[in-house]
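Observations on the three-dimensional arrangement
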Amino acid sequence: MTEKLSDATRGPLLDPLFSAGWQVVDGRDAITKTYKFDSFVDAFGWMTRAAIWAEKWDHHPEWSNVYNSVTVTLTTHDVGGISALDAKLARKMESL
Ligand SMILES: C[C@H](O)[C@H](O)[C@H]1CNC2=NC(N)=NC(=O)C2=N1
């Protein structure tokens, strides 16, 4: 069962992501990062790879793409905040 991150688990899961450029969204329990690529094709290719993982894990990003830029927001709608699934998907996005 997915649940919101507890105070004890937030640091260990989120601090490495903050170091990688993720930030908490103002006024929301969600994390966001804007990725820049060399081209639209690179951006869309990365989105396609990320989408396959999102679908596999049944956990989907809020995101938008403008040319070579992709802005991603991750939160778990079912629990109204950040869960371990958001950290897992963010780590995957970092590795793609
Ligand atoms: C029924 C289905 O499993 C749920 O609605 C899933 C789908 N993808 C999801 N994605 C995200 N980001 N949060 C969710 O709570 C969520 N729930």
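First, a word on what this report is: a plain description of the structure on this page. Residue positions within a chain follow its written sequence, with the count starting from 1. Reporting of local features is limited, given that this is a predicted model, to residues whose pLDDT is at least 70; pairs of side-chain atoms are given and counted only at 80 or more, and all residues count toward the totals for whole chains, interfaces and linings. Calculated side-chain values reflect all of the structure's heavy atoms, with hydrogen atoms and water omitted.

**Considering the site of the ligand**
When we say a residue is near a molecule or strand, we mean one of its heavy atoms is within 4 Å of it. By nearness alone, every residue bordering the ligand is listed as Asp-58, His-59, His-60, Thr-75, Thr-76, His-77 and Asp-78. Identification of polar contacts relies on pairs of N or O atoms within 3.5 Å, with a donor-acceptor requirement for protein atoms, meaning one able to donate a hydrogen and the other able to accept it, and with residues adjacent in sequence counted only if both atoms are side-chain atoms. The contact in question runs from an oxygen atom of the ligand to an N or O atom on the backbone of His-77, over 3.0 Å. Accessibility throughout is a Shrake-Rupley quantity obtained with a 1.4 Å probe, and a residue counts as covered only by protein chains that appear here. Within the complex, the protein chains bury 66% of what would otherwise be the 390 Å² of accessible surface of the ligand.

**Considerations on helix α3 (residues 84-95)**
Residues separated by three or four positions in an α-helix point in the same direction, a consequence of the helix having 3.6 residues per turn. Counting from the N terminus, the helices are DSSP H or I runs at least four residues long and the strands are E runs at least two residues long. Expected span of a helix: the number of residues minus one, times 1.5 Å. With twelve residues, α3 ought to run about 16 Å at 1.5 Å a step, and its terminal C-alpha atoms sit 17 Å apart, in line with that. Buried-residue contacts for α3 involve α1 (7-19), β2 (31-36), α2 (40-56), β3 (62-66) and β4 (69-74). The contact criterion used throughout is that any non-hydrogen atoms of two residues lie within 4.5 Å.

**Re the environment of Val-72**
On the secondary structure map, Val-72 appears in strand β4. Distance from Val-72 to Leu-14, taken between C-alpha atoms, is 15 Å for residues 58 residues apart in sequence. Beyond its immediate chain neighbours, meaning those up to four positions away, Val-72 contacts Trp-22, Ile-31, Thr-32, Lys-33, Tyr-35, Trp-46, Pro-61, Glu-62, Trp-63 and Met-93.

**Some thoughts on the nonpolar core**
Among buried residues, the Ala, Val, Leu, Ile, Met, Phe, Trp, Tyr and Cys ones that are joined through side-chain atoms within 4.5 Å form a nonpolar core. Relative accessibility under 20% of the residue-type maximum defines a buried residue, over 50% an exposed one, and the middle range a partly exposed one, all with a 1.4 Å probe and only protein chains included. The biggest cluster of nonpolar side chains holds 20 residues, and the ones touching the most others in it are Trp-22, Trp-46, Val-72, Leu-74 and Met-93. Going through the elements one at a time, α1, β2, α2, β4 and α3 are the ones with two or more residues in this core. Here this core takes five residues from α2, the largest share from any one element. Not counting residues up to four positions away in its chain, the partners in contact with Met-93 are Trp-22, Tyr-35, Trp-46, Ala-50, Pro-61, Trp-63, Val-72 and Leu-74.

**Description of the environment of Ala-87**
Note on placement: Ala-87 falls in helix α3. On the basis of relative accessible area, Ala-87 is assigned to the buried category, the value being 0%. Residue contacts for Ala-87: discarding those within four places in its chain leaves Leu-13, Leu-14 and Leu-17.

**Considering the pattern of salt bridges**
Whenever Lys or Arg places a side-chain nitrogen within 4 Å of a carboxyl oxygen from Asp or Glu, that contact is recorded as a salt bridge. The full count for this structure, using the stated rule, is three salt bridges. In this structure, the salt-bridge partner of Lys-33 is Glu-94, at a minimum N-O distance of 2.9 Å. Here Lys-33 is found in strand β2, whereas its partner Glu-94 is found in helix α3, with 61 residues between them in sequence.

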